[in-house]
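Read off the chains here:
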Amino acid sequence: MIEPLAASRNLGVIFFPAFDWAIGPTHPERQERLLYTRDQLHEEGLFDIPGISEYRPAFASYGQLERTHFLLPGPEAVVTESHLAAAGGAITAARLVMEKKEDRAFALVRPPGHHAMRVVHGNRGFCNINNEAVMVEFIRDRYPHPSGRPLKIAIVDTDVHHGDGSQDIFWNDPHTLFISLHQDGRTLYPGTGFLEEYGGPGARGRTINIPLPPGTADTGYLFAVRNAVLPILEDFRPDLIINSAGQDNHFTDPLANMKLSARGYAELNSALNPDIAVLEGGYAIRGALPYVNLGICLALAGIAAWEEIREPSWSEKVIRQNPEVTAYIEKLCDSVLDLYFNPPALPSEGRREGDWWTRDRQVFYDTDMLRERQKESWKLCEACSGLHRIETSSERVRPSLCVHIPRHACQECRAQGEQLAAEAAELGKYAHVKLLDGDKIMPDSLPEVKDYDYQD
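The sections below set out a description of the structure shown in this document. Quick caveat, the model's predicted, so the values are computed rather than measured.

Details of the overall build of the protein
At step 1: A tally of regular secondary structure across the protein gives 11 helices and 16 strands.
At step 2: Computed over C-alpha atoms, the radius of gyration of the protein comes to 21 Å, within 12% of the 23 Å expected from 2.2 N^0.38 for 456 residues, which places it in the range of a compact globule.
At step 3: Overall size of the protein, expressed as C-alpha extent along the three principal axes, is 75 × 50 × 50 Å.
At step 4: Buried positions account for 59% of the 456 residues belonging to the protein.
At step 5: Here the contacts in the protein between residues at least 6 apart in sequence split such that 74% fall between residues at least 24 apart.
At step 6: Surface summary for the protein: the accessible area is close to 17800 Å², and the carbon and sulfur share equals 50%.
At step 7: Counting 46 positive and 65 negative side-chain charges, the protein places the averaged centre of each group 3 Å from the other.

Structure (C-alpha cells):
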C-alpha cells in the first residue's frame, strides 16, 4: 500500500500569473510562464496534500514600494497593477510566515524583480519593482526583532542572472546578507556579479557573489551551496532566509547555458531550507517551470517525493558536469569563503571624496532603452552605515536628487539627510527631490490584517 503524502512543514503557495501583463506576445516574459505551472500543480494534486494551501496575493501600495525604491518621475510612470500584485504576493508570503499561519511560503508571482535597483526609471532585465526588497522592508517595518536590534535577513539569489538590483539595494546594508549564485557575468547579462563586488563601505563582506561557469550542473550548484553558502549562513546567523528562486539555470532554458535539473533545484532548496521563496526568472515554459516549481514546493514542505521528479527531457547525460567545471567551482568556493571572512578595508569600486565614498555609474535599461547616469555617495560614518545620496538623470528624467537615510542611522546622518533634501528642494536645482527615511514608516505601508483575504 502506498502511503499518502503529507507535509512535514506547512506551506503556503501564493500564485499570481499576471494574465494581463506581458512585455510582448512572444517575449520570454509573458503570462504563459506560469499557466503551465498552475496546471501541473493542480494535476499532480499538490493542494490535496495536507499542509499545503494556495493563497491569493494582496496588492502592494505605492507607499510600500517607496519604502524601497526611488520611482522616477513617480510610481504611476513605472508601475502597473501587475507589479503591485507581484510585490503584494511577496508581502503576503512574508505575512504567512511571520504571523505563523504557515511554516514556509512560496510566492509564485510575476513580473520578476531582482534587476530593479534603488532608483527606477523604467524596466531593465524584465524588472520594474524588486519584489523581495519590497518584502524585506515590509518585514522590517511590521515585525521588528523583540530585542530592538536590527533584524538580520539573508537573501540567496539562485537565478541564473546576477541579482544586480538586489545587490544595489542592499549594497551598504550591514544587516542584510546578499548571496548570488549565477552564471559568470563575462558570459551572460547583466555582466556583473564578480567576487570583488563585496559590499559598500558600511557593509563590506555582506555582498557575496558566486559566478559559476557555463555548464554548471546539479553537482556544481550543490557543491557551492554546501561548501560556500551554508558555512556563510551559519556564521551570519540570519533571523530569516529568503530564496530569490529564479529557474533559468535549467538545462532547457533558452536564455542561459547551465545544466540544473528540476530535481537538482529541489535538492538545492532542501539544503538551503529558506523560510520564503519568491519566483524570479525561468523561461523554459513547458519543459522546466512546471517541474521545477513542483520540486521547490515539495522541498519547502519537507516532502521527499521531490527525489522522484523527472522532466520529459531529463537524462544523466544531459546534466553531466565537465570535470574542469567541477575543479573550477571547488577553487571558487575557497575564494568566496576567504572574501567573506576577510573582506578588504574599502570597497573595490569608487573613490573617497572628503567624508564620502563616491562612485559614478551608467545604468542601462535594456527593455525601455534608457541610459541612466548616477553619482552615488555614502557618508563615511563610524556610528552607522552612513547617509546615502544619489544624483540621477536619464532620457526620461531630468537631473534629480535622491536622499536615503538608512535604518538605524545616527542623529548626525539623519539631520544631514533632512538638510540635504530641504536645501535641494529650496534651491530648485533638481527636477525631483526625494527623501527616503528608513526609520519613518509611511502611513499606508502597514495595512491592517483585516484588509487581507488570505485564503483562496
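Re the pattern of salt bridges
Here the idea is simple: oppositely charged side chains can pair when their charged atoms come close.
At step 1: This model, assessed by the stated rule, comprises 26 salt bridges.
At step 2: The shortest N-O distance in the salt bridge between R149 and D239 comes to 2.8 Å. Of the two residues, R149 is situated in the loop between α5 (131–142) and β6 (153–157) and D239 in the loop between α7 (218–236) and β9 (240–245); the sequence distance between them amounts to 90 residues.
At step 3: Judged by relative accessible area, R149 falls into the partly exposed class, the value being 33%.
At step 4: Among the salt bridges present, the one from E376 reaches R359, with a minimum N-O distance of 3.0 Å. You can see E376 sitting in strand β13 (residues 370–379) and its partner R359 sitting in strand β12 (residues 356–365), a full 17 residues away along the chain.

Here we look at the side chain of N131
At step 1: Relative to the helices and strands, N131 is located in helix α5.
At step 2: Residue N131 is classed as buried on the basis of its relative accessible area, which comes to 1%.
At step 3: In this structure, N131 is in contact with H83, A86, A87, A90, V109, P111, P112, G113 and V278, ignoring residues within four places of it in sequence.

A look at the environment of T80
At step 1: Mapped onto the secondary structure, T80 falls in the loop between α3 (75–78) and α4 (81–98).
At step 2: Among the polar contacts listed, one links the side chain of T80 to the side chain of H83, at a separation of 2.8 Å.

Here we look at the state of the cysteines
Put plainly, a disulfide is one covalent bond tying together the sulfur atoms of two cysteines.
At step 1: Enumeration according to the criterion identifies 0 disulfides in this entry.
At step 2: Cysteine C127 is unpaired, with the sulfur of C402 as its nearest cysteine sulfur at 19 Å.
At step 3: Residue C127 is classed as buried on the basis of its relative accessible area, which comes to 1%.
At step 4: With no disulfide partner, C413 has as its closest neighbouring cysteine sulfur the one in C410, 3.6 Å distant.

Section: α7
At step 1: Between its first and last C-alpha atoms α7 spans 25 Å; for 19 residues at 1.5 Å apiece the expected length is 27 Å, and the two agree.
At step 2: In α7, a bend of some 35 degrees at V225 exceeds every other bend along the element.
At step 3: Every buried residue of α7 is listed here: D218, G220, Y221, L222, A224, V225, A228, V229, I232, L233 and F236.
At step 4: Its buried side turned inward, α7 meets β6, β7 (176–183), β8 (207–212), β9, α8 (262–272) and α10 (323–341).
At step 5: Taken from the residues just after α7, R237 is the one with a positive phi, measuring 55 degrees.

Focus on the nonpolar core
At step 1: If you look at the biggest cluster of nonpolar residues, it comprises 59 residues, and the most contacted ones within it are F106, L177, I179, L181, I210, L212 and L233.
At step 2: Considering each element in turn, this core owes the most residues, 9 residues, to α7.
At step 3: When near neighbours in sequence (up to four residues on either side) are disregarded, L177 contacts I153, A154, I155, G205, R206, I208, I232, L233, F236 and Y340.
At step 4: The next biggest cluster of nonpolar side chains, apart from the first, holds 40 residues, and it includes F16, A85, L96 and I169.

Reading the values: the criteria
- Residues numbered from 1 in each chain as written.
- Predicted model: local features only at pLDDT ≥ 70, side-chain atom pairs only at ≥ 80, totals over all residues.
- Heavy atoms only, no water.
- Helix = DSSP H or I, 4+ residues; strand = E, 2+ residues; numbered from the N terminus.
- Rg over C-alpha atoms; globule rule 2.2 N^0.38 Å.
- Buried < 20%, exposed > 50% of the residue type's maximum accessible area, 1.4 Å probe, protein only.
- Contact = heavy atoms within 4.5 Å.
- Areas by Shrake-Rupley, 256 points an atom, 1.4 Å probe, with all protein chains shown as cover.
- Lys, Arg positive; Asp, Glu negative; His and termini not counted.
- Charge placed at Lys NZ, Arg CZ, Asp CG, Glu CD.
- Salt bridge = Lys/Arg side-chain N within 4 Å of Asp/Glu carboxyl O.
- Polar contact = N/O pair within 3.5 Å; in protein donor to acceptor, adjacent residues only side chain to side chain.
- Disulfide = S-S within 2.5 Å.
- Expected span 1.5 Å × (residues − 1).
- Bend = angle between axes of the 7 residues up to and from the residue.
- Core = buried A, V, L, I, M, F, W, Y, C linked by side-chain atoms within 4.5 Å.

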